[in-house]
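Take a look at the letters that make up each chain.
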Amino acid sequence: MSDPDASDPDASDPVSQRRSHLGTGTIAALSAGLTIGYLAGNMLPEVVDALVDDLGLTPSVAGGITTAALVATAVAGTTYAHRATRSGRGRSAVVGAGLVAVGYAAAALAPGTAALGVSLVVAGFGGGIVLANTTAATTATGDPDKAVGTAVLISTLVGAVMLLALPILTGGNAATLMLALMVTGLAVIPLVRRLPDHSVEDHGPVGPLPHRGIGAAIFAGVLLLYATDNGMWAYLGTIGTEVVGLSGNAVGLVLALGYVAGFLGALLQVVVGKRWGRFGPIVVLVIVATVAKVAIVMLPFTPAFGTSQLVWSFAHSALFAFLLACGAALDHAGRWAAIIGAAFAFGSALGPVMTGVIGTRGGVATFVIVTLVCGAGVLLLLGPASVRLDRIGPRSA
C-alpha cells in the first residue's frame, strides 16, 4: 500500500508545515505593527488640527513638524531594512514601539515648538523601526499575500476606530491626543514582540538584494502614488469644510466611512490575492484612485465629495495591500518589503507639502493636471513591474 504523503514533500517536512501556518498571534503582531508603523501618517489630520487649533501653531509650522515626523518614519524604515532580515524582529519592534510611546509622551509635555517637533520626530523614527520589522516579517509567514491583506484589513479597521474615537476622547486637546497616541505605542508592545523571524533553516542564508529593477520601479511608483494620495488625505478635511461646506463633525464622519471603504479594499486583496495576477488589479486600482482624486476637487458638492472619497479610500487601501505584497514576493528575507514599506512613508511625507504648494499657487486646475500626470507616471512604473513580477513566479530569491 502506497504512502499517501509520498508525492508531497511538504507533508513530512515540519519546516514547511510550520511556515504554512498563519496563526492568530502572527496576524495580531503584523496588524499591530502596521498600525503603529503608519500611525504618524494615519493620524496626520487629527494631529495637525490639534497643533493649529489648540496650540495656536500656523498651518505651515504644524505641517512642517508632521512632515519631519513622517520623514523620520521613512528614514528609519529604510535604514532598518537590512537589520530586519536578521533574527530578533520582535525585540527590535519592541524598541521601536517604546520610542513611539516616549516620543508622544514627551510631545504631550513639550514646553515649546522646538521640543514638540523633536518629540514627534522621535515618535516617527520609532514607528519606522516597527514598520521595517513588520513588513519584513510578512515574508516569514508562508503566505505573504494573505498575511499582508489580513494585517492591512485589521489595521485599517483599528484606524477607523481611532479616527472616530480620538476626537471625542481628547476634545481637540493636543496634550491629551499625544497621551492617547503614547498609550497606543505601549499597547502594541506585547503584540509586536511576536513578529516572526527570517529563518536560515527555511530559506538559506541571505544573499544580495534580488530583482533590483523590479523593486526600484515599485519603490518609485509607490513614492509617487503616495505623494499624491497622502497630499489628498491631508487636505480632505479642509476641502470638506471650506469648499464643500460641511461641518467638522460631518467631515469626520466622511473620513471614518472612508476607513470602512478602505477596510473593504483590503478585503479585496485578501479575497483576490494572486488569483488574477498582479498587473490587472494594480492597473485598475491606480486608474480608479486617480479619477476619484480628480472628482473630489472638481465636484465640490456633498454627494459627489462623499462618494468620491469612499471610492478613493477603497482603491487606496487595496493598492496599499497589493503593493506591500509585491514587496514581500520580491525577497524572501523581507528587505524589499521593508524598503517598499518605507516608500509609503516617504510619499506620505512629501504629499502634504506638494499638495499645499500646488493648491496655493496653481489652484484646482493645476492640481488636476498634476494628479493626472502623476497617475500616468505611476501606471508606467507599476504596470511593467507587476508584469515582470508575475513572470518570475513563486519567490526564488
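Thresholds applied
- Residues numbered from 1 in each chain as written.
- Predicted model: local features only at pLDDT ≥ 70, side-chain atom pairs only at ≥ 80, totals over all residues.
- Heavy atoms only, no water.
- Helix = DSSP H or I, 4+ residues; strand = E, 2+ residues; numbered from the N terminus.
- Expected span 1.5 Å × (residues − 1).
- Buried < 20%, exposed > 50% of the residue type's maximum accessible area, 1.4 Å probe, protein only.
- Arc of directions from axis to C-beta.
- Polar contact = N/O pair within 3.5 Å; in protein donor to acceptor, adjacent residues only side chain to side chain.
- Axes fitted to C-alpha atoms, helices over the stretch in contact; angles between N-to-C directions.
- Parallel < 35°, antiparallel > 145°, perpendicular 65-115°, else oblique.
- Left-handed = near helix turned anticlockwise from the far one by under 90°.
- Contact = heavy atoms within 4.5 Å.
- Nonpolar A, V, L, I, M, F, W, Y, C, P; charged D, E, K, R; others polar.
- Phe/Tyr/Trp six-rings, centres within 6.5 Å; stacked < 30°, edge-to-face > 60°.
- Patch = residues over 30% accessible without salt bridge, like charges linked within 9 Å, V, L, I, M, F, W, Y side chains within 5 Å.
- Areas by Shrake-Rupley, 256 points an atom, 1.4 Å probe, with all protein chains shown as cover.
- Salt bridge = Lys/Arg side-chain N within 4 Å of Asp/Glu carboxyl O.

Q: How do you make sense of helix α9 (residues 174–187) when you look at a structure like this?
A: For an α-helix, 3.6 residues make a turn, and residues three or four places apart therefore share a direction. Its 14 residues place the ends of α9 20 Å apart at the C-alpha level, agreeing with the 20 Å of an ideal helix rising 1.5 Å per residue. Buried within α9 we find A174, L177, M178, L181, M182, T184 and G185. Taken around the axis of α9, the buried residues stretch over an arc of 155°, which confines them to a single face. Of the residues flanking the start of α9, the one acting as N-cap is N173, its side-chain oxygen 3.1 Å from the backbone nitrogen of A175.

Q: Quick question: what am I supposed to make of the packing of helix α12 (residues 212–243) against helix α17 (residues 363–392) here?
A: Two measures define how a pair of helices packs: the angle their axes make with one another and the distance between the axes. Look at α12 against α17: their axes get within 9 Å of each other, and the N-to-C directions meet at 150°. For the element pair α12 / α17, the angle class is roughly antiparallel. Seen from above, α12 lies across α17 with left-handed handedness. Counting all contacts with α12, which are made through G213, I214, A217, I218, A220, G221, V222, L224, L225, T228 and M232, the residues of α17 involved are F367, C374, G377, V378, L381, L382, A385, R388 and L389. Along the lines of polarity and charge, the residues of the contact of α12 with α17 split into 15 nonpolar, four polar and one charged.

Q: Where do I start with the environment of I36 in this structure?
A: Relative to the elements of secondary structure, I36 occurs in helix α2 (residues 24–37). As for I36 and G126, which are separated by 90 residues in sequence, their C-alpha atoms are 8.9 Å apart. Not counting residues up to four positions away in its chain, the partners in contact with I36 are V100, G127, V130, T184, G185 and V188.

Q: Whenever I open this one, the packing of aromatic side chains confuses me. Can you help?
A: How two aromatic rings sit relative to each other is given by the distance of their centres and the angle of their planes. Here the structure, examined in full by the defined rule, presents six aromatic pairs. Pairing Y226 with F320 gives two aromatic rings, centres 6.3 Å apart and planes at 35°, and the pair type is tilted. Taken as a pair, Y226 in helix α12 and F320 in helix α15 (residues 302–330) lie far apart in primary sequence, 94 residues in all. Residue classification places Y226 among the buried positions, given a relative accessible area of 8%. Taken together, the aromatic side chains of Y38, Y226, F320 and F344 make up a single cluster linked through ring pairs.

Q: Can you walk me through a nonpolar patch on the surface in this structure?
A: On the surface, a nonpolar cluster with roughly 320 Å² of combined accessible area is contributed by L253, L257, V260 and L310. When residues of the nonpolar patch are assigned to their parent elements, the largest contribution, three residues, is made by helix α13 (residues 248–272). With respect to the helices and strands, the residue L253 is situated in helix α13. For L253, a relative accessible area of 48% corresponds to the partly exposed category.

Q: Is there a simple way to explain the environment of G280 in this structure?
A: As for its placement among the helices and strands, G280 is situated in helix α14 (residues 279–298). G280 sits in the partly exposed class, given a relative accessible area of 30%. Linking G280 and V387, residues 107 residues apart in sequence, is a C-alpha distance of 9.0 Å.

Bear in mind that shape data such as this cannot, by itself, settle questions of function.
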